[in-house]
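# Summary of structural features
As a plain string of letters, each chain reads:
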Amino acid sequence: ARLRPPVGADLRLFCFEAQHEFLSLPEEAQLLAWCDSLDEWEPRVGSVDGGVRRCFGVTLGESYRVLRSEPLPPVLAALGEKVLAHVRGRPWPFACLDPVEQPPFGQCYVQRYIGGQSLGFHFDHRREYDEMIAGVSVGAPATLLLGATSGAGGVREGAARAPNVQR
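Note that the structure is a prediction, hence the values are computed from the model and not measured. (Residues numbered from 1 in each chain as written. Predicted model: local features only at pLDDT ≥ 70, side-chain atom pairs only at ≥ 80, totals over all residues. Heavy atoms only, no water.)

## Some thoughts on the overall build of the chain
Put simply, the test is: Runs of H or I in DSSP of at least four residues are treated as helices and runs of E of at least two as strands, each being numbered from the N terminus. Note on classification: 1.4 Å probe, protein chains only; a residue is buried when its accessible area is under 20% of the maximum for its type, exposed when over 50%, partly exposed between these limits. Should any heavy atoms of two residues lie within 4.5 Å, those residues are counted as being in contact. Residue-level accessible areas treat just the shown protein chains as cover; the underlying method is Shrake-Rupley with a 1.4 Å probe.
Of the regular secondary structure elements, the chain holds two helices and six strands. Secondary structure elements of the chain, listed N to C terminal, follow the sequence α-β-β-β-α-β-β-β. The proportion of buried residues among the 167 residues of the chain is 24%. Here the contacts in the chain between residues at least 6 apart in sequence split such that 64% fall between residues at least 24 apart. For the chain, the accessible surface area stands at approximately 11800 Å², while carbon and sulfur atoms represent 54% of it.

In structure tokens, the structure reads:
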């Protein structure tokens, strides 16, 4: 059985936290300018409407085997350090990772969306992705839907108004 947080629960009990305005406006502008300087993008998996992505650091292949590994670009490494500093400065329940022991981030997906696009429901398994997974949304407001998924990627009508939605 899957563990489902009750509506209105402190999501940190489930090792999850949403932090609004994590980046300052100058930090966000710097990150967006860096993204704009990139010229090699690939289509997002399953995207038929123009969404693109780029992977940095560790590149995984079939069955999550490492194909190659290279250091993160400085702007992404600095973002990862900021995330780690934030996490290490907060108390977490025993069931969560030990933030002091968390290694620096080694992988980053940069995804560019067009208005109305969605990442779709998915499950990031901690064993394949080490322990910590962080997401940072910049450039436009984002809605994060938390919940169980069948893996189909669909979002039911009205889901964005549910109490488990983080804006």
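Having seen it, we continue.
## What about the layout of surface pockets?
Cut-off, in case you're wondering: Cavities and pockets are defined on a 1 Å grid built over the protein atoms alone: a cavity is a set of grid points where a 1.4 Å probe fits but cannot escape, while a pocket is an open set with protein on both sides within 12 Å along at least five of seven lines, and lining residues are those with an atom within 4 Å of any such point. Grid points are joined across faces, edges and corners, and a volume is the space filled by probe spheres set on the points.
In this structure, the second largest pocket spans a volume of roughly 200 Å³. Glu42, Arg54, Cys55, Thr59 and Arg68 are, among the 13 residues lining the second largest pocket, the residues nearest its centre. Sorting elements by how many residues they give to the lining of the second largest pocket places strand E2 (residues 52-60) first, with seven residues.

## Section: the side chain of Glu28
Quick reminder of the rule: Charge counting follows a simple rule: Lys and Arg are positive, Asp and Glu are negative, and His as well as the terminal groups are ignored. By definition, a salt bridge exists where a carboxyl oxygen of Asp or Glu is found within 4 Å of a side-chain nitrogen of Lys or Arg.
If you trace the backbone, Glu28 turns up in helix H1 (residues 25-37). For Glu28, which is buried and forms no salt bridge, the nearest opposite charge comes from Lys82, at a distance of 10 Å. Not counting chain neighbours up to four residues away, the residues in contact with Glu28 comprise Leu23, Val138 and Gly139.

## Some details on the pattern of salt bridges
One pass over the full model with this rule turns up four salt bridges. Ionic pairing is found between Asp36 and Arg112, a salt bridge with its closest N-O pair at 2.8 Å. Placement of the pair is Asp36 in helix H1 and Arg112 in strand E4 (residues 107-112), with a sequence separation of 76 residues. Looking at Arg112, the relative accessible area reads 31%, which means it is partly exposed.

## Some words on the packing of H1 against helix H2 (residues 74-88)
The angle between the axes and the distance between the axes are what describe a pair of packed helices. Definition in use: Simply put, an axis is a line fit to the C-alpha atoms, just over the touching stretch for a helix, and the angle between two N-to-C directions goes from 0 to 180 degrees. Definitions for this section: a left-handed crossing has its near helix turned counterclockwise from the far helix by less than a right angle. A right-handed crossing has that turn clockwise. Polar here means any residue outside two lists: the nonpolar Ala, Val, Leu, Ile, Met, Phe, Trp, Tyr, Cys and Pro, and the charged Asp, Glu, Lys and Arg; Gly therefore counts as polar.
Where H1 meets H2, the axes come as close as 11 Å, and the angle between the chain directions of the two elements is 145°. Crossing geometry of H1 relative to H2 is assigned as left-handed. Residues Glu27, Gln30, Leu31 and Trp34 of H1 form the contact with H2, whose own contacting residues are Val75, Leu76, Leu79 and Lys82. By residue class, the composition of the contact of H1 with H2 is five nonpolar, one polar and two charged.

## Overview of H2
Selection criterion: Helix span, as expected, comes to 1.5 Å for every residue beyond the first.
An ideal rise of 1.5 Å per residue puts 21 Å on 15 residues; H2 measures up with 21 Å between its terminal C-alpha atoms. Every buried residue of H2 is listed here: Val75, Leu76, Leu79, Gly80, Val83, Leu84 and Val87. Tucked into the core, H2 has its buried residues touching H1, E2 and E4.

## With respect to the state of the cysteines
To keep things clear, this is the line we draw: By definition, disulfides here are pairs of cysteine sulfur atoms that lie within 2.5 Å.
The full count for this structure, using the stated rule, is zero disulfides. Free cysteine: Cys55, not disulfide-bonded; nearest cysteine sulfur from Cys108 at 8.1 Å.

## Here we look at the confidence of the model for the chain
Under the convention used in this document: pLDDT runs from 0 to 100 and stands for how confident the predictor is about each residue.
Mean pLDDT for the chain: 75, with 65% of residues reaching 70 or above. Averaged pLDDT values over the elements of the chain bottom out at 53 in strand E6 (residues 165-166) and peak at 93 in H1. This model gives residues 1-5 a pLDDT under 50, and the stretch forms six contacts once residues within four places in sequence are excluded.

## Quick look at the environment of Pro73
Its location among the elements puts Pro73 in the loop between strand E3 (66-69) and H2. Given a relative accessible area of 17%, Pro73 falls into the buried group. Measuring from C-alpha to C-alpha, the distance between Pro73 and Phe56 comes to 7.6 Å, with 17 residues separating the pair along the chain. Those residues in contact with Pro73 that lie beyond four places of it in its chain are Trp34 and Phe56.

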